[in-house]
Amino acid sequence: MKNHHEEIIYRALRGQATPEEEKMLAKWYSESPEECSREIEAIHSIIDLTGMSGLTAAGAASRANAKEVSGKKAAGRHKFAWFAAISSAAAIVLAVVTGYISHELTYDSISSQMTSVEAPLGEHFIITLPDSSSVHLNSGARIEYPVVFRKDKREVYLTGEAMFDVVHDESKPFIVKTFTSEVSVLGTKFDVEAYKESSIFTTTLLEGRVKVVNLSDPERKGVILNPNDVIRIENGIMKMEKISGQDDICWTRGLIKIGGKTFDRIMRDFEKAFGVTIEIQRHQLPDISEVSGKIRVNDGVANALRILQRTADFRFRINDATNTITIY
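Thresholds applied
Residues numbered from 1 in each chain as written. Predicted model: local features only at pLDDT ≥ 70, side-chain atom pairs only at ≥ 80, totals over all residues. Heavy atoms only, no water. Helix = DSSP H or I, 4+ residues; strand = E, 2+ residues; numbered from the N terminus. Contact = heavy atoms within 4.5 Å. Areas by Shrake-Rupley, 256 points an atom, 1.4 Å probe, with all protein chains shown as cover. Pairing = 2+ DSSP bridges. Axes fitted to C-alpha atoms, helices over the stretch in contact; angles between N-to-C directions. Buried < 20%, exposed > 50% of the residue type's maximum accessible area, 1.4 Å probe, protein only. Polar contact = N/O pair within 3.5 Å; in protein donor to acceptor, adjacent residues only side chain to side chain. Core = buried A, V, L, I, M, F, W, Y, C linked by side-chain atoms within 4.5 Å.

> Just to check I follow, could you spell out the overall build of the chain for this structure?
Scanning the chain from N- to C-terminus turns up eight helices and 18 strands. In the chain, once contacts between residues fewer than 6 apart in sequence are set aside, the share between residues at least 24 apart is 47%. Carbon together with sulfur atoms contributes 50% to the accessible area of the chain, which is approximately 18200 Å² in total.

What follows is the structure in structure tokens.
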């Protein structure tokens, strides 16, 4: 191993070390600084340190005049030149090593700085992450991510619903963390819905492959999804089903799917989409089991409620002053 380190030091002195060699040398120095320094000094047995330190001409002149001075003075000059060369070489190598360490510490510091974006109720946001992946945030959704992704992985934290279009990078897995799960991908397009307050978690895969890990599962083996697979976690239990196609994920186009949902769930969707507060003052929820289709957000919340009234028995009252809707 020692010879291997000497070769790396030699190349570092010549400015020919690769990034991986600089990283290896920096790691060795951070673990054993004294041993590393001793080996830097010992490298004079392999290369002409005097020449590398920029003292070649002086060294040559010293050797030419060595016979004209006493043996003691010649020895003293040689020793001085040798130590000067050692000091110069050590300074160069340590500069490379400490410079690399400083760069790594700076990078780690930046990658630990987080930023966040939240879409206000009634609005959608599309943002671009540091790796050029895009995220379409649904109304009320919040995403937190680092200013610069780490070198080994890309992690974001999501509350609410978002559509991800991830740039492929096999060396840096992309991970979406939520209150109940982790979704790991390499390069794909998928939708994540995670609302802690209502214990809702759903992941829908549109393109590529993802792995969903249920954090409440002690083994955390995870489930692999293929396109059009949907994973739901309810009461800590993971369930998988199929969708008919990407048309089921329609909120990015300004539509609300109403089929296959309970009345109170649709009201929660209306609150996010229209930026209102809906109060249900009924002992029994309206039966909307026969309802299907989609509602356009741009047509307004009153129109959306009237569409539901065609098949469900309920009334509503809108208070514009408080932006509140009462269902009775």
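> Sorry if this is basic, but what is going on with the sheet that holds strand 18 (residues 324–327) here?
Strands belonging to one sheet form pairs held by backbone hydrogen bonds; the direction of such a pair is parallel or antiparallel. Strands sit in the order 15-18-17 across an open sheet of three strands; the sheet is mixed. Both edges of this open sheet fall to strand 15 (277–280) and strand 17 (316–319), since each of them pairs with a single strand only. Here the average twist between neighbouring strands, direction ignored, is 20°. In this sheet, strand 18 lies alongside strand 15 in parallel orientation, the contact comprising four bridges. Following the sheet pairing, Glu 279 is matched in strand 18 by Thr 326. Lying on the sheet, helix 7 (residues 263–274) is in contact with strand 15 and strand 18; it crosses strand 15 at an angle near 160°. In this fold helix 8 (residues 301–309) packs onto strand 17 and strand 18, with an angle of close to 175° to the strand it touches most, strand 17.

> What exactly am I supposed to notice about the side chain of Asp 131 here?
Tracing the chain through its elements places Asp 131 in the loop between strand 2 (125–128) and strand 3 (134–137). For Asp 131, a relative accessible area of 17% translates into the label buried. One polar contact links Asp 131 to Ser 133, side chain to side chain, over a distance of 2.9 Å. Within the structure, the side chain of Asp 131 is placed 2.5 Å from the side chain of Arg 154, a separation counted as a polar contact. Not counting the four nearest positions on each side in its chain, Asp 131 is found in contact with Phe 149, Arg 154, Val 167 and Phe 174.

> Where do I start with unusual backbone geometry in this structure?
When glycine is set aside, most residues are seen to have a negative phi, and most peptide bonds are trans. Phi angles above zero are rare outside glycine, and Ser 132 is one such case at about 80°. Locating Ser 132 in the fold gives a position in the loop between strand 2 and strand 3. Positioned with a positive phi, Asn 323 is a non-glycine residue whose angle comes to about 55°. Note that Asn 323 resides in the loop between strand 17 and strand 18.

> Looking at this model, I keep getting lost on the nonpolar core. Mind explaining?
A general tendency of soluble globular proteins is for nonpolar side chains to be buried together. Core analysis: the largest hydrophobic core is formed by 29 residues, its most contacted members being Leu 137, Ile 143, Val 156, Phe 164, Phe 174, Val 183 and Phe 190. Among the elements that make up this core, the one with the highest residue count is strand 5 (residues 154–165) (four residues). Contacts of Leu 137, omitting those with residues within four sequence positions, involve Val 117, Ala 119, Glu 123, His 124, Phe 125, Ile 143, Leu 158, Glu 161, Ala 162 and Trp 251. Core analysis: the second largest hydrophobic core is formed by 22 residues, Phe 274, Val 301, Phe 316 and Ile 325 among them.

> Looking at this structure, I do not really get the side chain of Asn 214. What am I missing?
If you trace the backbone, Asn 214 turns up in strand 10 (residues 210–214). Setting aside anything within four residues of it in sequence, one finds Asn 214 in contact with Thr 180, Arg 220, Ile 233, Gly 236, Ile 237 and Met 238.

> Would you mind going over the environment of Asn 323 with me for this structure?
Overall, Asn 323 belongs to the partly exposed group, its relative accessible area being 39%. In this structure the C-alpha to C-alpha distance between Asn 323 and Thr 277, which are 46 residues apart in sequence, comes to 6.5 Å. With near-sequence residues (within four places) excluded, Asn 323 lies in contact with Gly 275, Val 276 and Thr 277.

> What is the right way to read the pairing of strand 3 from this model?
Each regular strand displays side chains that alternate between the two surfaces of the sheet. Bridging between strand 2 and strand 3 involves four bridges; their strand directions are antiparallel. Bridged to Ile 126 within strand 3 is His 136. Where strand 3 meets strand 5, four bridges bridge the pair, whose relative direction is antiparallel. Note on strand 5: the bridge partner recorded for Leu 137 is Ala 162.

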